[in-house]
Amino acid sequence: MLGGAETDSGRPPRHLAVIMDGNGRWAKNRLMPREIGHRRGAENLRTLCVLCRERNIRYLTVYAFSTENWKRPATEVGALMALFPRFFKKYMDELEEEGIRLRFAGDRSELPKDVVKTMEEAEESSKSRQMLDLIIAFNYGSRREITAAARSLAKKVSDGILHIEDITEDAFTGCLYLPDIPDPDLIIRTGGEMRLSNFLLWQAAYAEFYSTDCLWPDFGAAELDAALDDFRKRQRRFGEICQ
Ligand code: FPP
């Protein structure tokens, strides 16, 4: 066990979410193309999975491709799409050994067929694993997720199968991409920015936010443990008063 999160009094977050920012800058600093930064970023995701397993974190959500990322140059978008099936092929056995279940959040309708096929196969083949759920937000945007949930509830009302009074927070959550996943306890953003960028806006209502200047490919055990130490010191009141 590399980390110390379990040995101290505070518990590690049950659900950690990460905005993996800084791949481009990492590559630029080394006079390399941005695609190399993304490739190193994908390798680092594998490392993070192992670190989370060791620290008894049960759910890990990562922001791999946003609904806004299509605005990037076609070569970069193509490289990110190609990285996806390559990653699963390369780490399929290791993910199985680690007991990692794969889930995906996002709009699949715009994705290339081979990417969707890879997602479906990964979900199906890993669904009985129970050590860590790795949730990859891919072509994900919170506003799109929330809009789709609103539309789905509106349709149920117009079809006469739901009363307006039955539109509750729970009913709304039930229409999100992965309603069974608990809300994130901690959201880490690498690369120094201090914003959510359309990530888990509904689910983040009571999440603790942690930003680090560390660029994503350099984010390792020491940086994760610093974030977990900081998380342990936070007082989570969920709207109540301090005891
Ligand atoms: C943001 O850094 C990062 C992304 C838009 C892509 C994140 C993707 C990965 C880490 C790969 C994940 C791979 C798989 C297989 C799930 P940036 O490019 O905006 O960096 P910059 O701010 O330095 O330009």
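Everything below is about the structure shown above.
Residues numbered from 1 in each chain as written. Predicted model: local features only at pLDDT ≥ 70, side-chain atom pairs only at ≥ 80, totals over all residues. Heavy atoms only, no water.

Participant: Just to check I follow, could you spell out the site of the ligand for this structure?
Facilitator: The ligand sits among 19 residues. The nearest are D21, G24, R25, R34 and R72. Within the backbone of G24, one N or O atom sits 3.0 Å away from an oxygen atom of the ligand. If the ligand stood free it would expose 630 Å²; the protein chains cover 91% of that surface. Among the cavities detected, the one that contains the ligand is the largest pocket. Here the shell around the ligand gets five residues from one element, more than from any other, and that element is helix α2 (residues 34-54). In terms of residue class, the shell around the ligand is made up of nine nonpolar, six polar and four charged. (Near = heavy atom within 4 Å. Polar contact = N/O pair within 3.5 Å; in protein donor to acceptor, adjacent residues only side chain to side chain. Areas by Shrake-Rupley, 256 points an atom, 1.4 Å probe, with all protein chains shown as cover. 1 Å grid on protein atoms, 1.4 Å probe; cavity = no way out; pocket = protein on both sides within 12 Å on 5 of 7 lines; lining within 4 Å. Sits in = over half its atoms within 2 Å of the grid points. Helix = DSSP H or I, 4+ residues; strand = E, 2+ residues; numbered from the N terminus. Nonpolar A, V, L, I, M, F, W, Y, C, P; charged D, E, K, R; others polar.)

Participant: Can you help me understand the state of the cysteines in this one?
Facilitator: Should the sulfur atoms of two cysteines be covalently bonded, the bond is a disulfide. By the definition in use, this model includes zero disulfides. The thiol of C49 is not disulfide-bonded; the next cysteine sulfur, from C52, is found 6.8 Å away. C214 carries a free sulfur, and the closest cysteine sulfur to it, the one in C52, is 15 Å from it. (Disulfide = S-S within 2.5 Å.)

Participant: I tried to follow the packing of α2 against helix α3 (residues 74-97) on my own but got confused; where do I start?
Facilitator: Packed helix pairs are specified by the crossing angle of their axes together with the interaxial distance, meaning the distance between the axes. Packing of α2 against α3 brings their axes to within 10 Å, and their N-to-C directions diverge by 30°. By the criterion of interaxial angle, the relationship of α2 to α3 is roughly parallel. Of the two possible hands of crossing, α2 and α3 adopt the one that is right-handed. Across from R34, E35, H38, R39, A42, E43, L45, R46 and V50 in α2, the residues of α3 making contact are T75, E76, A79, L80, L83, R86, F87, K90, Y91 and E94. Along the lines of polarity and charge, the residues of the contact of α2 with α3 split into eight nonpolar, two polar and nine charged. (Axes fitted to C-alpha atoms, helices over the stretch in contact; angles between N-to-C directions. Parallel < 35°, antiparallel > 145°, perpendicular 65-115°, else oblique. Left-handed = near helix turned anticlockwise from the far one by under 90°. Contact = heavy atoms within 4.5 Å.)

Participant: What's the story with the environment of I36 in this structure? I'm lost.
Facilitator: In this fold, I36 is placed in helix α2. Spatially, the C-alpha atom of I36 lies 8.2 Å from that of N23, the residues being 13 residues apart in sequence.

Participant: It is not clear to me how the packing of α3 against helix α4 (residues 113-126) should be interpreted in this structure. Could you clarify?
Facilitator: With their axes 10 Å apart at the nearest point, α3 and α4 run at an angle of 30° to one another. Taken together, the axes of α3 and α4 are roughly parallel relative to one another. Handedness of the α3/α4 crossing: left-handed. Here α3 contributes M81, F84, P85 and F88 to the contact with α4, which in turn contributes D114, V115, T118 and M119. Residue classes in the contact of α3 with α4 are distributed as six nonpolar, one polar and one charged.

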